[in-house]
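Examination of the molecular architecture
Each chain, letter by letter, is given below.
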Amino acid sequence: MALTREDKALSPFNEHIAALRSILSDEGVQVGADAAAYEEGARFDRGVAAFVLRPTSTAEVSAAVSYCVRNEIPIVPQAGNTGVVSGSTPDASGTQAVLSLDRLSRNLRLDIDNRSVRADAGILLSDLNAALEPDGLFFPIDLGANPRLGGMLSTNAGGARFLRYGDVRRNVLGITVVLADPEGSIVTLGSSLRKNNTGVDWKQLFIGTSGAFGIITECVLNAERIPRQNAAALLVPSTPSAILPLLREIEGRVGEYLSTFEAMSGNAIRLTLQSIPRLKNPFVGGQVPNYVLLVELTRTWEPRDGEQSLDKVLETALAEIWDTQPDLLADALFGPSQQLWMLRHSIPEGLKQSGRLVSCDLAFQRGDVMKFCDTVTTELPIRFPGVIMCDFGHVGDGGVHLSLVAPHGSEAALNPDLEGNLRSWIYEKAVNDFGGSYSGEHGIGRKNQAYYDKFTPERLKSWARAMKAVTSPSELGVPRLG
């Protein structure tokens, strides 16, 4: 039976709370109402923590983890708590300790010559970029949320500029990890070196595995030059099947300048515009097309005299496509990049306000994204009447956020089995029919645990069990990778 906060007054954890406060200080251990903010996730998942640990250094993380392991207290690591798969919140048992990184945010050192930055894992993405900006640099993972670095590494975040810069894994040089063993062992993996081919790249074991093998407390990251020029447009493809041919044409005409190729369905845009009135409808007569593409080009240097502007590069490329492939592109709307991005970044919040939301983070071969979406568009009204399909995401790298909305008060929204049934149907189709992934960016978490268990080959699960036994044999994190 789950504990209530009232039960905790007589809880056996009181002795542990006192001991941990002697290690971390009173502020370093939160209970009761002070723990509430750490018990609820970004998508309404809520649990009850035995207590919340808030260390300020790797040494404190090690001491706290060591104590919990020796006293058989399960740990749930938590960074920015912006995830959507219940990977950073406790369950309802009241027996798990949340270990938050929110105070592990004191150290940030830039190596301008190496174009790298060493940072505590609790630093927010926005704070990292604010610190790098005076030197003309940024961490090139563009997300709508504002996560902490440890969470970004543990889930291998991708983001909207994956096409240009890759994912987190590609931009990490080194990490420091605390293992869930009796010693709270501290391990440093990798370094500031960009090339080191002397054996297994062990840091990759901890990136993208949702904290199952250890808690990342520090990282060395690649930094990129901030773009100094950009051009953006909203493109209206003639049909959904024209999206991938358009991508190939644009890639061939603008090359490495292409940093973004995002798709937004008409349903996603319409619900977002309805939910967030401050957004401007950029379409003629307010008529939202069935699909819209956000395309952006960037350069990292200041404009030079006599150099063709990126606006002109994009206009020329699109004019050539209209001349040579007139059946691909129906319309193009040019505008300030920041304004166009505001529409794209507002979609998650807009859909969240529109009804009961089931979000699936999927990935496919690029050529299969729209084929999958077409299939779901056809079958969804038959299987789940009243549910609205609102897909958007990173078509340029094969990713799609399939958001399924049951409007407030609808019969579908009131169905307690809706999320489980929808998720199972979508994942079966994505994995079995299209060879896709049921988690392109967001990791495992409780919402995806059953699907990891179902779709992962037994040999790979046995390898994961063996790895966990070596690294963090005690209970750590929400996903069970073994």
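For the structure given in this document, a descriptive report is provided here. Values in this document were obtained by computation on a predicted structure and should not be read as measured data. Position numbers for residues count from 1 along each chain, tracking the sequence in the order it is written. Totals for whole chains, interfaces and linings use every residue, but because this is a predicted model, local features are given only for residues with pLDDT of at least 70 and side-chain atom pairs only at 80 or more, for both listing and counting. Calculation of side-chain values draws on the structure's entire complement of heavy atoms; hydrogens and water are dropped beforehand.

A look at the environment of Leu 422
Within the element layout of this structure, Leu 422 appears in helix 11 (residues 418-434). The spatial distance from the C-alpha of Leu 422 to the C-alpha of Arg 383 is 9.1 Å, given a sequence separation of 39 residues. Any two residues whose heavy atoms approach within 4.5 Å are treated as being in contact. Those residues within four positions of Leu 422 in sequence are excluded, and the remaining contacts are Val 358, Leu 380, Phe 384, Val 387 and Leu 404. We count a stretch as a helix when DSSP gives it H or I for four or more residues in a row; a strand needs E for two or more, and each element gets its number in order from the N terminus.

Quick word on the sheet that holds strand 2 (residues 49-53)
Pairing between the strands of a sheet is mediated by backbone hydrogen bonds and can be parallel or antiparallel. Being paired, for any two strands, means DSSP has found at least two bridges between them. The mixed open sheet is built from four strands, whose spatial order is 1-2-4-3. Both outer strands of the open sheet, strand 1 (29-30) and strand 3 (75-78), are each paired with one neighbouring strand and no more. By the bridge criterion, four bridges tie strand 3 to strand 4 (residues 96-100) in an arrangement that is parallel. By the bridge assignment, Val 76 is partnered in strand 4 with Val 98. In this analysis, axes come from line fits to C-alpha atoms, helices being fitted only over the stretch in contact, and the angle between any two N-to-C directions falls in the range 0 to 180 degrees. Along the sheet, helix 1 (residues 13-24) makes contact with strand 1 and strand 2, crossing strand 2 at roughly 5°. With respect to the sheet, helix 2 (residues 58-70) is in contact with strand 2, strand 3 and strand 4, its orientation differing from that of strand 2 by roughly 155°.

Quick look at the packing of helix 1 against helix 2
At a closest axis distance of 10 Å, the pairing of helix 1 and helix 2 adopts a crossing angle of 160°. Judged by the angle between their axes, helix 1 and helix 2 are roughly antiparallel. Viewed along their axes, helix 1 and helix 2 form a crossing whose handedness is right-handed. Across the interface between the two elements, Glu 15, His 16, Ala 19, Leu 20, Ile 23 and Leu 24 of helix 1 pack against Glu 60, Ala 63, Ala 64, Tyr 67 and Cys 68 of helix 2. All residues other than Ala, Val, Leu, Ile, Met, Phe, Trp, Tyr, Cys, Pro, Asp, Glu, Lys and Arg, Gly among them, are scored as polar; the first ten of these are nonpolar and the last four charged. Class assignment for the residues of the contact of helix 1 with helix 2 results in eight nonpolar, one polar and two charged. The cut-offs work like this: below 35 degrees is roughly parallel, past 145 is roughly antiparallel, 65 to 115 is roughly perpendicular, and the gaps in between are oblique. The crossing is said to be left-handed when, going from far helix to near helix, the turn is anticlockwise and less than a right angle, and right-handed when the turn is clockwise.

Here's the deal with unusual backbone geometry
Backbone geometry places Ser 25, a non-glycine residue, at a positive phi of 90°. Here's how the labels work: a residue is buried when its accessible area is under 20% of the maximum for its type, exposed when over 50%, partly exposed in between, all with a 1.4 Å probe on protein chains only. Among the residues examined, Ser 25 registers a relative accessible area of 32% and is labelled partly exposed. Positive phi, close to 55°, is recorded for Glu 72, a residue that is not glycine. With respect to the helices and strands, the residue Glu 72 is situated in the loop between helix 2 and strand 3. Accessibility expressed as a relative area gives 73% for Glu 72, which makes it exposed.

A closer look at the sheet that holds strand 5 (residues 108-111)
The sheet built from five strands is open, its strands ordered 5-6-10-8-9 with antiparallel pairing. Looking at strand neighbours, the two that pair on one side only are strand 5 and strand 9 (186-190), the edges of this open sheet. Between one strand axis and the next, the sheet turns through 15° on average, direction left out of account. Where strand 8 (residues 172-178) lies against strand 9, five bridges are found, and the strand directions are antiparallel. Directly across from Val 177, in strand 9, lies its bridge partner Val 187. Contacting strand 8, strand 9 and strand 10 (215-222), helix 2 runs over the sheet at an angle of about 40° to strand 8. On top of the sheet, helix 3 (residues 125-132) reaches strand 5, strand 6 (116-120) and strand 10; it is set at about 45° to strand 5, its chief contact.

What about the state of the cysteines?
Note on terminology: pairs of cysteine sulfur atoms within 2.5 Å are recorded as disulfides. Counted under the stated rule, the structure contains zero disulfides. In this model Cys 390 remains outside any disulfide bridge; the closest cysteine sulfur is found in Cys 373, 12 Å from its own.

So, the pairing of strand 12 (residues 229-237)
With eight of nine residues buried, strand 12 lies mostly within the body of the structure. Across five bridges, strand 12 lies against strand 15 (residues 329-334) in antiparallel orientation. Each bridged residue has a counterpart across the sheet, and for Val 236 the counterpart in strand 15 is Asp 331.

What to know about the environment of Val 470
Inspection of the secondary structure puts Val 470 in helix 13 (residues 458-471). Separated by 288 residues in sequence, Val 470 and Pro 182 place their C-alpha atoms 12 Å apart.

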